[in-house]
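Residue strings, one per chain:
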Amino acid sequence: MSRLIVISNRVSAPTAEKPGAQGGLAVALTAALREADGIWFGWSGETGETGEPRFETYDGVTSATIDLPEQDVEEYYDGYANRTLWPLFHYRLGLTEFERDFQGGYERVNRVFGDVIGPHIQPDDLIWVHDYHMIPLGWVLRQRGLTNRIGFFLHIPWPPTRLLTALPEHRRLVEALFAYDVIGFQTDEWLDTFHDYVINQMGGSIGENGQITVGGRTICAIACPIGIDAKEFIAGANSPQAMATYARMVQSSIGRSLIVGVDRLDYSKGLEERFNGYQRYLETRPDAHSNVYLLQIAPPSRATVQSYQDIRAQLDALSGRINGAFADIDWVPLRYVNQGFPRDVLAGVYRASCVGLVTPLRDGMNLVAKEYVAAQNPENPGVLILSRFAGAAAQLSNALLVNPYSPDDIADAIERALTMSREERIARWQPMFENVRDEDVIWWRKRFTERLSRS
C-alpha cells in the first residue's frame, strides 16, 4: 500500500503535547495517515532558521515540521497568503494588497518546502497538498524530478476570472496547478469558475470525468465537498460536557430564544452585516425585545494583519451601539465573546439555541453550519439560517437561505425561524442531518484519495 504524504501550511496531527486532533480535517487526515503509515509535513508556526524537518510520531501518526525565517513569514504567510490570495479569492478586491515582495516570498517558501520535503518522499508515495498557501508546491516537486501522483485540494472559493486576472502573473499561478494530477474544489460553483478561466484565459478544453486539457497536459478536477467528523461530533453533542453546557445555556436564557453565531473573526464571515441584520430585526419587531438574544462567539485571528484589526474595532463599536440602543435593565440583546471554546462545549450551545445564524459573505464550505445541524435534538431541532454564498448552501438547501448583505433578509429569516412550527423544523432538519452524517469528512477524504489513486 502506498504511503500518504499530506502537506499543508500548518500541521494538525496529534502530538504528545496536543494529543487530541484539532478538528474535522485533522481527524480525517490522521486516520488516513495512520492507515497508510504516512507523514504530515508543514510549518511549525515558529520563526527561525529552516533546517531539516523535525519528525515526531505519536499514536501511529508521524508529523514533520520546519521553522521559517521572520521575513518569510511576513511575505509568504502574512503577505501573499493572507493579504493577497485570501481577500482576492473571497471576492474582496478592495482589501487585496499587490506587493511584489509578497509574491517573491510566497514562491520562495514553496521552493523551500519542496527542497526540504522532496528527499523524504518515496517513489510510490501518494502526495496530497492542501490549500492556497501551497498552490505552486506541485510544480516545485515536479521540478525536483518527482513523478508521484500528486493531488491538491482548495479549501476556499475559486474566484471569477475577472477577479483573478487582477492578480499580477495570475496565469503563472494557475499554470502551476497543472503539475497536479487531481485538483479538488468544495463545490460545483468553484469548479465551474476554474473551468471558465482555463477555457477563456488558457485555451483549454473540458472533457469527460473531470478531465481538463491545456496544451499537452491533462489533469482531473472535481467537486468534493468537505464534511465534519459527524460520528464523533454527534457523540460529543451527547457527552456530559455538552449536556452540562446545554443546561447552563438554558438556565442563563431565562426562557428567551437563543440565536447563536460561531465564526473566526474574519471579514469574510459577514459579522458586521449579521449584526446589522439583527439590529434591523430589533428595530422592526419591538414586541420581540426581552424574548430573544444573539450570542456571537468570534475568536480573533491573524492579529498582525491590519484588515483584521479593523474588523475587530468595527465589531466592538457596533455591538456596543446595539446594546446601548436596545438593552434594558434586565436584558442584553447581544452577547459578543472574543474567545474560542472546545467543540463539545460548542455542541451544547448549538443544541440549546433556537437558531443557528451562519451568514458569511463568501465561504468555501463553512463547517459550523454542518456542526449546528449535527448537534440538534431530533425531537425539537433548531433552525439553520445560512448564507446562500457559503459552499455549504449547495448541500444544506433546506436551511433558510439568505442574502447576507441584506439586513431585511436576515431580519425576516430570524422572524420566520423563531415562529416556525416544530413539524416544519423537523422536516427541514432531517434531510440536512442525513447529508451531514453520510457525506462526512471520512467520505470526503476517501472520495479524493481514491480518485487520486486511480489517476
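As a reminder, the structure under discussion sits directly above these lines.
Basis of the calculations
- Residues numbered from 1 in each chain as written.
- Predicted model: local features only at pLDDT ≥ 70, side-chain atom pairs only at ≥ 80, totals over all residues.
- Heavy atoms only, no water.
- Helix = DSSP H or I, 4+ residues; strand = E, 2+ residues; numbered from the N terminus.
- Expected span 1.5 Å × (residues − 1).
- Buried < 20%, exposed > 50% of the residue type's maximum accessible area, 1.4 Å probe, protein only.
- Arc of directions from axis to C-beta.
- Pairing = 2+ DSSP bridges.
- Axes fitted to C-alpha atoms, helices over the stretch in contact; angles between N-to-C directions.
- Right-handed = clockwise from strand over helix to strand, strands pointing away.
- Polar contact = N/O pair within 3.5 Å; in protein donor to acceptor, adjacent residues only side chain to side chain.
- Phe/Tyr/Trp six-rings, centres within 6.5 Å; stacked < 30°, edge-to-face > 60°.
- Lys NZ or Arg CZ within 6 Å of the ring centre and 35° of its normal.
- Core = buried A, V, L, I, M, F, W, Y, C linked by side-chain atoms within 4.5 Å.
- Contact = heavy atoms within 4.5 Å.
- Parallel < 35°, antiparallel > 145°, perpendicular 65-115°, else oblique.
- Left-handed = near helix turned anticlockwise from the far one by under 90°.
- Nonpolar A, V, L, I, M, F, W, Y, C, P; charged D, E, K, R; others polar.

## Quick notes on helix H10 (residues 271-284)
Here's step 1: The terminal C-alpha atoms of H10, which comprises 14 residues, lie 20 Å apart, in line with the 20 Å expected from a rise of 1.5 Å per residue.
Here's step 2: Where H10 is concerned, the buried positions are Leu 271, Arg 274, Phe 275, Gly 277, Tyr 278, Tyr 281 and Leu 282. Axial view of H10: buried residues confined to an arc of 160°, hence all on one face.

## Quick look at the sheet that holds strand S14 (residues 355-358)
Here's step 1: One open sheet accounts for six strands, arranged S13-S12-S11-S14-S15-S16; its pairing is parallel. Every interior strand has two partners, whereas the edge strands, strand S13 (334-337) and strand S16 (400-402), have only one. The average angle at which neighbouring strand axes cross in this sheet is 20°, direction not considered.
Here's step 2: Relative to strand S12 (residues 292-297), strand S11 (residues 257-262) runs parallel, the two sharing six bridges.

## Notes on the pairing of strand S7 (residues 182-185)
Two faces make up the sheet, and in a regular strand the side chains alternate between them.
Here's step 1: Side chains Val 182 and Gly 184 of S7 all project onto a buried face; the interleaved residues Ile 183 and Phe 185 project onto the opposite face, where all are buried too.
Here's step 2: Note that strand S6 (residues 149-153) and S7 share three bridges and pair parallel. Residue pairing for S7: Phe 153 is matched across the bridge by Gly 184.
Here's step 3: Pairing of S7 with strand S10 (residues 217-223), which is carried by four bridges, proceeds in the parallel orientation. Paired with Phe 185 across the strands is Ala 223, a residue of S10.

## Topic: the sheet that holds strand S2 (residues 39-47)
Here's step 1: What the 10 strands build is an open sheet, ordered S3-S4-S2-S1-S5-S6-S7-S10-S9-S8; its pairing is mixed. Whereas interior strands pair on both sides, the edge strands pair on one side only; in this sheet they are strand S3 (54-58) and strand S8 (205-206).
Here's step 2: Relative to strand S4 (residues 61-68), S3 runs antiparallel, the two being bridged by five bridges. When the sheet's bridge partners are listed, Tyr 58 is paired in S4 with Val 61.

## Notes on unusual backbone geometry
Here's step 1: Within the chain, Asp 37 stands out as a residue other than glycine whose phi angle is a positive 55°.
Here's step 2: Mapped onto the elements, Asp 37 comes out in the loop between helix H1 (24-36) and S2.
Here's step 3: With a phi close to 55°, Asn 209 is a non-glycine residue in the positive phi region.

## Looking at the pairing of S14
Here's step 1: By the alternation rule, side chains of S14 split into Val 355 and Leu 357 and Gly 356 and Val 358, which are all buried.
Here's step 2: Pairing analysis gives two bridges linking S11 to S14, with the strands arranged parallel. Bridge pairing in S14 places Val 260 opposite Gly 356.
Here's step 3: Note that S14 and strand S15 (residues 383-387) share four bridges and pair parallel. Residue Gly 356 lies in a different strand from S15, and its bridge partner there is Leu 384.
Here's step 4: One crossover worth recording links S14 to the parallel S15 by way of helix H13 (residues 367-375), and it is right-handed.

## Some remarks on the environment of Glu 424
Here's step 1: Here Glu 424 lies in helix H15 (residues 422-438).
Here's step 2: For Glu 424, a relative accessible area of 28% puts it in the partly exposed group.
Here's step 3: Sequence spacing of Glu 424 and Asp 266 is 158 residues, and the spatial spacing of their C-alpha atoms is 33 Å.
Here's step 4: A polar atom in the side chain of Glu 424 sits 3.3 Å from the side chain of Arg 416.

## Examining the packing of aromatic side chains
Here's step 1: A full pass over the atoms with the stated rule returns 20 aromatic pairs.
Here's step 2: With a centroid separation of 5.9 Å and 75° between ring planes, the pair formed by Tyr 350 and Tyr 372 is classed as edge-to-face. In this pair, Tyr 350 is assigned in helix H12 (residues 343-352) and Tyr 372 in helix H13, connecting sequence segments 22 residues apart.
Here's step 3: The structure contains a cluster of three or more aromatic residues connected by ring pairs, namely Phe 89, Trp 158, Phe 178, Phe 185 and Phe 194.
Here's step 4: The ring centre of Trp 43 lies 5.4 Å from the NZ or CZ of Arg 10, which sits over that ring.
Here's step 5: Directly above the ring of Tyr 91 sits Arg 362, whose terminal nitrogen or CZ lies 3.8 Å from the centroid.

## A short note on helix H16 (residues 441-454)
Here's step 1: Its 14 residues give H16 an end-to-end C-alpha distance of 20 Å, which sits within 8% of 20 Å, the value for a rise of 1.5 Å per residue.
Here's step 2: Burial in H16 covers these residues: Val 441, Trp 444, Arg 445, Phe 448, Thr 449 and Leu 452. When H16 is viewed along its axis, its buried side chains cluster within an angular range of 110° and face the same direction.
Here's step 3: Two or three places before Ile 442, at the start of H16, stands the capping residue Asp 440, its side-chain oxygen 3.3 Å from that residue's backbone nitrogen.

## Regarding the nonpolar core
Here's step 1: Of all hydrophobic cores here, the largest spans 89 residues; its most connected members are Tyr 278, Tyr 350, Leu 384, Ile 385, Leu 386 and Leu 396.
Here's step 2: For this core, the element with the most residues is H13, which contributes six residues.
Here's step 3: For Leu 386, the contacting residues outside a window of four places in its chain are Val 358, Ala 369, Ala 392, Ala 393, Leu 396, Ala 399, Leu 400, Leu 401 and Val 402.
Here's step 4: In terms of nonpolar packing, the next biggest core, distinct from the first, is built from 62 residues, Met 134, Tyr 197, Ile 219 and Ala 223 among them.

## Focus: the packing of H13 against H15
Here's step 1: Interaxial distance between H13 and H15 falls to 9 Å at its minimum, and their mutual angle equals 115°. The angle between H13 and H15 places the two elements in the roughly perpendicular class. At the point where H13 passes H15, the crossing takes the left-handed sense. Taking contact as the criterion, the partners of Lys 370, Val 373 and Ala 374 in H13 are, on H15, Trp 429, Met 432, Phe 433 and Val 436.
Here's step 2: Tallied by class, residues from the contact of H13 with H15 come to six nonpolar, no polar and one charged.

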